[in-house]
Amino acid sequence: MSSSSSSSSSASAGASAGASAGASAGASPGAGADGAFPCRLELRVLFLTPEHAGLAAAVLGVDEELQRERARRALRAEGRELVAELAAADARLLRITASSFLDMLGAQLRAMRDFA
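For the rest of this paragraph, the subject is the environment of A89. Tracing the sequence through the fold places A89 in the loop between β5 (81–88) and α2 (91–115). A relative accessible area of 29% places A89 in the partly exposed class. Taking the C-alpha atoms as reference points, A89 and C39, 50 residues apart in sequence, are found 6.2 Å from one another.

Listed below in structure tokens is the structure:
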């Protein structure tokens with residue numbers, strides 16, 4: 001028997017590198033399309049231009065998850081939004097995956113602010 005819960009939150013931060021970083025998140029457990037990753041999280045980050053969103057998706061998409069058999073990350077740009085879909089085998093690993101992604105996103109935003 002498993003218990004499930006879902007949460008959603010939103011946050012915003014000022015990143016003057018071209019990102020009006022409004023991030024929204026919604027976590028939802030439940031079997032994924034392949035059933036292997038029941039814990040999922042979608043993050044959306046709003047940038048000032050579609051080019052900045054595409055650049056962030058390209059740069060952040062280079063790194064793969066270290067535990068590919070237990071976690072997955074898919075990135076894409078949708079207009080001015082960077083969409084990150086994170087999935088993991090359990091909630092603990094999803095938290096670690098999300099934390100790592102947000103650290104990398106922060107570094108990317110600082111680089112865009114300083115050099116773009």
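What follows concerns the packing of helix α1 (residues 50–60) against α2. α2 packs onto α1 with a crossing angle of 130 degrees between their chain directions and a minimal axis gap of 11 Å. Classified by the angle between their axes, α1 and α2 sit oblique to one another. Every pair of crossing elements has a handedness; the one defined by α1 and α2 is right-handed. Along the contact surface, α1 presents H52, L55, A56, V59 and L60, while α2 presents F101, M104, L105, Q108 and M112. Split into classes, the residues belonging to the contact of α1 with α2 amount to eight nonpolar, two polar and no charged.

So, about the pattern of salt bridges. Applying the stated criterion to the full structure yields seven salt bridges. Between E78 and R76 there is a salt bridge, with its nearest N and O atoms 2.8 Å apart. The residue R76 makes a salt bridge to E85 at a minimum N-O spacing of 3.0 Å. Of the residues examined, E85 reaches a relative accessible area of 32% and is grouped as partly exposed. Linked by salt bridges that have partners in common, E42, R44, R76, E78, E81 and E85 make up one network.

Within the element layout of this structure, Q108 appears in helix α2. When sequence neighbours within four positions are dropped, the list of residues in contact with Q108 reads L55, A56, V59 and L60.

Membership of the largest hydrophobic core comes to 21 residues, with the highest contact counts inside it found for F47, L82, L86, F101 and L105. Among the elements of the structure, β3 (39–47), α1, β5 and α2 are those that each provide at least two residues to this core. The biggest single contributor to this core is α2, with seven residues.

Criteria and thresholds
Residues numbered from 1 in each chain as written. Predicted model: local features only at pLDDT ≥ 70, side-chain atom pairs only at ≥ 80, totals over all residues. Heavy atoms only, no water. Helix = DSSP H or I, 4+ residues; strand = E, 2+ residues; numbered from the N terminus. Buried < 20%, exposed > 50% of the residue type's maximum accessible area, 1.4 Å probe, protein only. Axes fitted to C-alpha atoms, helices over the stretch in contact; angles between N-to-C directions. Parallel < 35°, antiparallel > 145°, perpendicular 65-115°, else oblique. Left-handed = near helix turned anticlockwise from the far one by under 90°. Contact = heavy atoms within 4.5 Å. Nonpolar A, V, L, I, M, F, W, Y, C, P; charged D, E, K, R; others polar. Salt bridge = Lys/Arg side-chain N within 4 Å of Asp/Glu carboxyl O. Core = buried A, V, L, I, M, F, W, Y, C linked by side-chain atoms within 4.5 Å.

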